[in-house]
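# Analysis of the macromolecular model
Residues per chain are reported as follows:
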Amino acid sequence: MSMGNTIYKFIASSSFLLVGIVNSYYAYKIKSNEKKYNIFVALILSGLTFGMIGDILICYYFIIGAIFFAIGHLFYIAAYIIKYPFKLRDIVYSLLIFTGSVLFITLAPIFHFENNTLKLVSILYALIISFMLGKALSNLKNFDCVSIALFIGSALFFFSDLMLLLSKFSTADSFIADIFCISTYFLAQFIIASSIILQVEKGMNFYKKIYCRIFQFCLKIALPFLPYKDPKILDNIELIADEIKKNKKQKPLIITDKVISKLPVFKKLTNALEQQKIEYKIYDNVVANPTTTNVLDTVNIYKENKCDCLIAFGGGSVIDCAKATGALIARPKNTLNQLKGILKVRKKIPLLFAIPTTAGTGSEITLAAVIVDANTHHKYAINDFPLIPKYAVLDEETTSTLPKHIIATTGMDALTHAIEAFIGKGGNKQTRKDALDAAELIFNNLEKAYNGDKIASKNMLMASHKAGRAFSKAYVGYIHALAHPLGGKYNIAHGLANAIILPAVLKEYGKAVEKKLWTIAVHCKLITPNHSNAYGSRILIKKIEELNQTFNIPNTFNEIHLGDIDELVNYAYKEANPLYPVPVLWGKYELKQMYLKLINQNANKINFDNMNIPEILKKQKMFFESGFTLNTKVRLNKLKTLYQEIKNHLPEIHQALKQDLGKSDTESYMCETGLVLNEISYLIKHLKHFSKPKYVLTPLAQTLSTSYRLPSPYGNVLIISPWNYPFLLSVGPLVDAIAA
């Protein structure tokens, strides 16, 4: 091999090592220091280093180069195991791949090894690369960014090594094999190096941002070619009967809720159908945040009564339920969970009439149906063009009897749709016009509609419709992503959740949205064009907050529990990224910070005045006397839970320590939380050993200490004397901080 080629391979290989180092530095700057993560980084960088050396040596000394490659792959395997614990399926997948590899190497007639040593080296190398690919394939079950990157990188390594064997020891065209070998090898190294930064939890990493923006750009380019069809507008409920006849339908299923079905305006619909001698069936059990149970019930009624079209009479929940019903009728072999996401229906649903009774959701024009899983309480969306209703009935009489709080929250919901559609990076000139017109109508009419003005109510129906048309094409953003999990978890009304979250998120976006918020403020005549972007942004947000105050909408949530935040964050993150073309991309860290800001800090304070302390103590004593806590496994599980919860909530604990004791984050970790985590980790590791009477050497006391269990009125106390005293010294401030 020429010196020029050697230099080229050295530069190419070392560049990927440099990528790994740069990624490590970038990740270190934005990620909290974790031992497990640091080990993963060190192993990946070691693998890249040995791969660089092996890449050069293999061209001169095949066996030596292969050994360096093999050591590099062993480092990668160790990194995989650090990231994803070892599972039995790892061996199963690896053996299957290895068996196929060995059969190919030994039996394929195209291979001609000079001696058995080379063949043996190739087989041993195949064993290592097979385990690497098998472990990566097994990790795919986690289906996160890192597992996908490691699998793609490992698969490319496997293919590259196969091409290397074909180049060195086969009758195949070595030039073509070399091209494939080098190209896939370099790509594999780059992807493996990038896995370092894909692990970053605080903020969204660079590659994920690129992926999200490319995904959103492609959707924006495709927007003019997508089959959006605006529904035909009817301004009176009674016209539905005529349209049913025109479409040659005979038996609609009316989907609604208990409140709507008892109103005079509902009777107006049924009278119109009866006058045209149209038979109908009614399902009126839809709940706020419709569930999969609601949808399955409506599908059964539709089929059992041989209905042929759908009428959704109600708010967004009712219309979403009707859309999901249509989706299941069109796709009878699928479950709702299988249809969630984008473009999974792809079949025409039954004729659908949407009669919105709230001026806010815009569901009568959108392609989305948001459903709550009745078992998991997870809220998800089904998005497809066939879900857009054929007819939308905008009759102001339907909103005349709404309670004032519903008028307020659904109106703020429509405002959220308009603002998110306008400030996002999706959409086009028409969606921006619809969004601005909707926002202007809402600012001019919502308070009047709230106070009973019928003309304003009709204008709000049109505002909701325009906002729905805007966001169905331009999409929404993190306000909706944060709100949907709250509806699924705590059954918080969607409009209320959006109203509370809207000003908080707009403030957090900061300068990224100032120009667009200024444009909205100018269009709605809240300011004049000569004001600055920052001023216009502040005035618009202030106007939103004033509306919330007028409607008695709070600025925080009482329902959110700290222990649920990680679950809420995961749902919000998966919903928003990469689909929503938000002005600023957020990762899980930023979403978590938003939830923490939206918690009512006074909601979870204990009111000791209203508590029966003796009764609580009595119940505690009865629980401990049951013997449940004597089980070492129970204690072990509780310790693991405590360890994880402390890790999950380090920022909040450090904040409490700062407020109470004036300690910095570093001091809090070194003297309090870090010490406690270390002690709990040690306990988890040795609890079973400690739970038997014996002398043990403890890490703090560094003397022989007696370990034994002592029954007490409140359970089973583990005594490790004299170790317990320093342990309690470290736990004490932590408990005080959590209590504070």
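Along each chain, numbering runs from 1 in the same order as the chain's sequence is written. Only residues with pLDDT of 70 or above have their local features reported here, since the model is predicted, and side-chain atom pairs are shown and tallied only from 80 upward, although totals for entire chains, interfaces and linings are computed over all residues. Side-chain descriptors were evaluated using all non-hydrogen atoms of the structure, hydrogens and water having been removed beforehand.

## Section: the overall build of the chain
Only DSSP runs of H or I reaching four residues or more are called helices, and only runs of E reaching two or more are called strands; each is numbered from the N terminus. Summing up its helical and strand segments, the chain has 27 helices and 12 strands in all. Throughout, exposure labels follow a simple rule: accessible area from a 1.4 Å probe, protein chains only, divided by the maximum for the residue type, with under 20% read as buried, over 50% as exposed, and the rest as partly exposed. Counting across all 740 residues of the chain, residues that qualify as buried make up 50%. Considering only residue pairs separated by 6 or more positions, the chain has 75% of its internal contacts joining residues 24 or more positions apart. Entry remark: accessible area of the chain is about 35500 Å², with carbon and sulfur atoms responsible for 61%. Whether two residues are in contact is decided by their heavy atoms, any of which lying within 4.5 Å being enough. Only the protein chains shown count as cover for residues, and all accessible areas are computed by the Shrake-Rupley method using a 1.4 Å probe.

## Overview of the nonpolar core
Nonpolar side chains in soluble globular proteins generally cluster together in the buried interior. The biggest cluster of nonpolar side chains holds 86 residues, and the ones touching the most others in it are Tyr 478 and Ile 520. In contact with Tyr 478, not counting residues within four places along its chain, are Met 204, Glu 420, Tyr 509, Ala 576, Asn 577, Val 582, Val 584, Leu 585, Trp 586 and Leu 591. Throughout, nonpolar core names a set of buried Ala, Val, Leu, Ile, Met, Phe, Trp, Tyr and Cys residues whose side chains join them through atoms within 4.5 Å. Residues Ile 44, Leu 48, Phe 111 and Ala 177 belong to the second largest nonpolar core, which totals 50 residues.

## Let's talk about the environment of Ala 42
Secondary-structure assignment places Ala 42 in helix 2 (residues 35-57). Sequence-wise, Ala 42 and Phe 75 are 33 residues apart; in three dimensions their C-alpha atoms are separated by 9.0 Å.

## With respect to the side chain of His 654
Examined against the element boundaries, His 654 turns out to sit in helix 25 (residues 650-661). Taking relative accessible area as the criterion, His 654 reaches 8% and is therefore assigned buried. Here a polar contact means two N or O atoms within 3.5 Å. Within protein one must be a hydrogen donor candidate and the other an acceptor candidate, and residues neighboring in sequence count only if both atoms are side-chain atoms. Within the structure, the side chain of His 654 is placed 2.8 Å from the side chain of Thr 673, a separation counted as a polar contact.

## With respect to a nonpolar patch on the surface
Candidate patch residues must exceed 30% relative accessible area and have no salt bridge, after which like charges are joined if within 9 Å and Val, Leu, Ile, Met, Phe, Trp or Tyr side chains if within 5 Å. Salt bridges, as used here, are contacts in which a Lys or Arg side-chain nitrogen is within 4 Å of a carboxyl oxygen on Asp or Glu. On the surface, a cluster of nonpolar side chains totalling about 660 Å² of accessible area is made up of Ile 81, Phe 86, Leu 88, Ile 91, Val 92, Leu 95 and Leu 96. Ranked by the residues each element gives to the nonpolar patch, the list is headed by helix 4 (residues 88-107), at 5 residues. Looking at the element boundaries, Val 92 is found in helix 4. Note on Val 92: relative accessible area 41%, which makes it partly exposed.

## Considerations on the side chain of Asn 294
In this fold, Asn 294 is placed in helix 11 (residues 292-304). If we skip the residues at most four places from it in the chain, Asn 294 touches Tyr 283, Asn 285, Val 286, Val 287 and Cys 321.

## Digging into the pairing of strand 4 (residues 309-314)
Among the 6 residues in strand 4, 6 count as buried, and that is most of the element. The alternating pattern of strand 4 places Cys 309, Ile 311 and Phe 313 on one face and Leu 310, Ala 312 and Gly 314 on the opposite face, and all of these are buried. Summarising the sheet, strand 4 and strand 6 (residues 351-356) pair through 6 bridges and their orientation is parallel. Within strand 6, the residue paired with Leu 310 across the bridge is Leu 352. Note on pairing: two strands pair once DSSP finds at least 2 bridges between them.

## Regarding the packing of aromatic side chains
Pairs were defined over the aromatic rings of Phe, Tyr and Trp, the Trp ring being its six-membered one, requiring ring centres within 6.5 Å. Orientation was assigned from the angle between planes: stacked under 30 degrees, edge-to-face over 60, tilted for the rest. Enumeration over the complete set of coordinates arrives at 13 aromatic pairs. Relative to Phe 180, the ring of Phe 159 has its centre 6.2 Å away and its plane inclined at 90 degrees; by these criteria the two rings are edge-to-face. One end of the pair, Phe 159, is in helix 6 (residues 145-169); the other, Phe 180, is in helix 7 (residues 174-198), with 21 residues separating them in the sequence. Judged by its relative accessible area of 41%, Phe 180 falls in the partly exposed class.

## Things to note about the pattern of salt bridges
On inspection of all chains with the given rule, the structure shows 16 salt bridges. Two residues, Lys 232 and Glu 243, come together in a salt bridge whose shortest N-O distance is 3.6 Å. One end of the pair, Lys 232, is in strand 1 (residues 232-234); the other, Glu 243, is in helix 9 (residues 239-246), and 11 residues separate them in sequence. On the basis of relative accessibility, which here comes to 42%, the residue Lys 232 falls in the partly exposed class. Here Asp 566 ties to Lys 592 by a salt bridge, and the two come within 3.6 Å at their closest N and O atoms.

## Considerations on the sheet that holds strand 8 (residues 379-383)
Each strand in a sheet pairs with another by means of backbone hydrogen bonds, the pair being arranged parallel or else antiparallel. One open sheet accounts for 3 strands, arranged 5-8-7; its pairing is mixed. At either margin of the open sheet sits one strand with a lone partner, and together these are strand 5 (341-342) and strand 7 (368-372).

## Here's the deal with helix 25
Expected helix span is computed as 1.5 Å times (number of residues minus one). Compared with the 16 Å implied by 1.5 Å per residue over 12 residues, the 16 Å span of helix 25 between its first and last C-alpha is a close match. Those residues of helix 25 that sit buried are Leu 650, Ile 653, His 654, Ala 656 and Leu 657. Looking straight down helix 25, one finds that the buried residues subtend no more than 160 degrees of arc, so they occupy a single side. Working note: the arc is built from the helix axis to C-beta atom directions.

## Notes on helix 14 (residues 404-423)
Between its terminal C-alpha atoms helix 14 stretches 29 Å, which fits the 28 Å expected from 20 residues at 1.5 Å a residue. Of all 20 residues in helix 14, 17 are buried, a share of seventy percent or more.

## What to know about unusual backbone geometry
Omega for the peptide link from Asn 577 to Pro 578 comes to 10 degrees, which places this bond in the cis form. Despite not being glycine, Lys 306 has its phi angle at roughly 55 degrees, a positive value. As for its placement among the helices and strands, Lys 306 is situated in the loop between helix 11 and strand 4. At Lys 525, a residue that is not glycine, the phi angle is positive and equals roughly 60 degrees.

## Topic: the environment of Gln 430
Position of Gln 430 among the secondary structure elements: in helix 15 (residues 429-450). Here the alpha-carbon distance between Gln 430 and Ala 470, two residues 40 residues apart in the chain, equals 7.8 Å.

## Here we look at the sheet that holds strand 1
If you trace the 6 strands from one edge of the open sheet to the other, you get 1-9-6-4-2-3, paired in parallel fashion. Among the strands making up the open sheet, the edge pair consists of strand 1 and strand 3 (281-283). Between one strand axis and the next, the sheet turns through 20 degrees on average, direction left out of account. Alignment of strand 2 (residues 252-255) against strand 3, held across 3 bridges, turns out to be parallel. Axis geometry follows a simple rule: fit a line to the C-alpha atoms, using only the stretch in contact for helices, then measure angles between N-to-C directions, giving values from 0 to 180 degrees.

## Some details on the confidence of the model for the chain
Confidence per residue, as judged by the predictor, is encoded in pLDDT with a range of 0 to 100. When the pLDDT values of the chain are averaged, the result is 83; 83% of them are 70 or greater. Of all the helices and strands in the chain, strand 12 (residues 715-721) carries the lowest mean pLDDT, 43, while strand 2 carries the highest, 97. A low-confidence stretch, residues 694-729 (pLDDT under 50), is modelled with 89 contacts involving residues beyond four sequence positions or located in other chains.

## Observations regarding the packing of helix 18 (residues 494-509) against helix 20 (residues 533-550)
Following both chains from N to C, one finds helix 18 and helix 20 inclined at 160 degrees, their axes separated by 10 Å at the closest point. With respect to helix 20, the axis of helix 18 lies roughly antiparallel. Seen along the crossing, helix 18 lies across helix 20 with a hand that is left-handed. In contact with Ala 499, Leu 502, Pro 503, Leu 506 and Lys 507 of helix 18, helix 20 contributes Ile 541, Ile 544, Glu 545 and Asn 548. Throughout this description, any angle smaller than 35 degrees is read as roughly parallel, any larger than 145 degrees as roughly antiparallel, any in the 65 to 115 degree range as roughly perpendicular, and the remainder as oblique. Two helices cross in a left-handed way if the nearer one is turned anticlockwise from the farther one by less than a right angle. They cross in a right-handed way if the turn is clockwise.

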